[in-house]
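Next come the chains, spelled out residue by residue.
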Amino acid sequence: MTHTIPTTPTESLTAAGPVLVVGATGKTGSRVARLLESRGHDIRRASRSSDTVVDWTDRSTWAPALVGAGPVYLTYQPDLIVPGATDDIAEFVRLTDDAGIPRLVLLAGRGESEADAAARLVHAARAESTVLSCAWFDQNFTEGGFAPEVTAGSLTLPVGDVGEPFIDADDIAEVAVAALLDVTSDGDNPHAGRTYDLTGPRLLTFAEAADAFGRARGAAVAFTEVSPADYRDLLRQFDVPAAEIELLLELFGTLFDGRNAHVSDDVQRVLGRAPHDIADVAAAGACAVAPEPVS
């Protein structure tokens, strides 16, 4: 049985400063920023290319971005699994403590020990904290490196028949906004100290997910499983940077051994509705090619 968290709207958290969206040009950050703006909230977009700069390779950019900010939505690029990410999160959390940030919401992956370490750091912050531990996004097929191949009618990856509960990035954004702003009728934060396991409603293999987008396009998307070595060679042929190749190989080599092959009801619990199904996302037009988000 699922239980929806009762909440009431609040303006008090943003009265002292705008919501800082770190990674505001990324898949979830851009959606969080748009959703907050659509609801009339003041926001501060931060990324490497925004007016407010947060560059994960330059720690001198972090503290200025936090000055005068209210709640913070935090995404880390390229992924929390990379070397040094945990140290970066530890320093960023220290700076949020210094800045008096009231709430801190972290986007994280599922099944990564490094993401779990980052979650512990965030939960140890002075701010009220929430961690969003997310399945792979539906939009990974449409707004990133996979999109051109999917549009061309194929998908080649070093992963087999393991199930993954792909999630709509719009669902993540709605949960993030709730975690940033919700209060109960008693004035409490119903999301404080929680780690939400955010998934779509069902398990699909990558082949089945690709097929869902192919059906929406009216043209089949043929899935091919290859070895890690063959995948590395394929990416090199397309001049993918070496660091990105190794990150992808680490992610596929780490996360798709069955550890994440389960669904959660946390989207329902927070939003009071079921998560969107990948077929519905595709049918609504998510299969259109979009520029790859940058951080």
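In this report, we go over the structure that sits alongside the text.

Scoring rules and cut-offs
- Residues numbered from 1 in each chain as written.
- Predicted model: local features only at pLDDT ≥ 70, side-chain atom pairs only at ≥ 80, totals over all residues.
- Heavy atoms only, no water.
- Helix = DSSP H or I, 4+ residues; strand = E, 2+ residues; numbered from the N terminus.
- Expected span 1.5 Å × (residues − 1).
- Buried < 20%, exposed > 50% of the residue type's maximum accessible area, 1.4 Å probe, protein only.
- Contact = heavy atoms within 4.5 Å.
- Phe/Tyr/Trp six-rings, centres within 6.5 Å; stacked < 30°, edge-to-face > 60°.
- Pairing = 2+ DSSP bridges.
- Salt bridge = Lys/Arg side-chain N within 4 Å of Asp/Glu carboxyl O.
- Axes fitted to C-alpha atoms, helices over the stretch in contact; angles between N-to-C directions.
- Parallel < 35°, antiparallel > 145°, perpendicular 65-115°, else oblique.
- Nonpolar A, V, L, I, M, F, W, Y, C, P; charged D, E, K, R; others polar.

Let us now look at helix α2 (residues 27-38). With twelve residues, α2 should reach 16 Å at 1.5 Å per residue; the first-to-last C-alpha distance of 17 Å fits that figure. A large share of α2 lies buried, amounting to nine of its twelve residues. Residues of α2 that are buried include every one of K27, T28, G29, S30, R31, V32, A33, L35 and L36, and no others. Buried residues belonging to α2 abut β1 (19-22), β2 (43-47), β4 (72-74), β5 (103-109) and α7 (169-181). Of the residues trailing α2, G40 is marked for its positive phi of about 85 degrees.

On to the packing of aromatic side chains, then. Within this structure, the stated rule accounts for 18 aromatic pairs. Both rings, one in W56 and one in Y76, keep their centres 4.6 Å apart while their planes meet at 50 degrees; by these two values the pair is tilted. Residue W56 is found in the loop between β3 (52-53) and α3 (62-66), and its partner Y76 is found in the loop between β4 and α4 (85-99); the two are separated by 20 residues along the sequence. Residues W56 and Y76 agree in their burial class; the two are buried. Taken together, a centroid distance of 6.3 Å and an interplanar angle of 15 degrees make the contact between W136 and F146 stacked. Remark: F146 occurs in the loop between β6 (128-134) and α6 (147-152) and W136 occurs in the loop between β6 and α6; sequence separation between them is ten residues.

Once that is clear, we can look at the sheet that holds β4. Across the sheet, seven strands lie side by side as β3-β2-β1-β4-β5-β6-β8; this open sheet has parallel pairing. Two strands bound the open sheet, and with one partner strand each, they are β3 and β8 (194-198). With seven bridges joining them, β5 and β6 adopt parallel strand pairing. From the neighbouring strand, G109 faces β6, where its bridge partner is C134.

Turning our attention to the environment of T86. Note on placement: T86 falls in helix α4. Those residues within four positions of T86 in sequence are excluded, and the remaining contacts are E114, A117 and L121.

Moving on: the pattern of salt bridges. Tallied over the full model, the rule gives 15 salt bridges. Between R110 and D197 there is a salt bridge whose closest N-O contact spans 2.7 Å. With a gap of 87 residues between them, R110 in the loop between β5 and α5 (113-123) and D197 in strand β8 connect regions that are remote in the sequence. Summarising the burial analysis for this pair, R110 and D197 share the class buried.

Turning next to the packing of α4 against α5. Between α4 and α5, the least distance of the axes is 9 Å, while the angle of their chain directions is 10 degrees. Judged by the angle between their axes, α4 and α5 are roughly parallel. Touching T86, I89, A90 and V93 of α4 are E114, A117, A118, L121 and V122, all from α5. Class assignment for the residues of the contact of α4 with α5 results in seven nonpolar, one polar and one charged.

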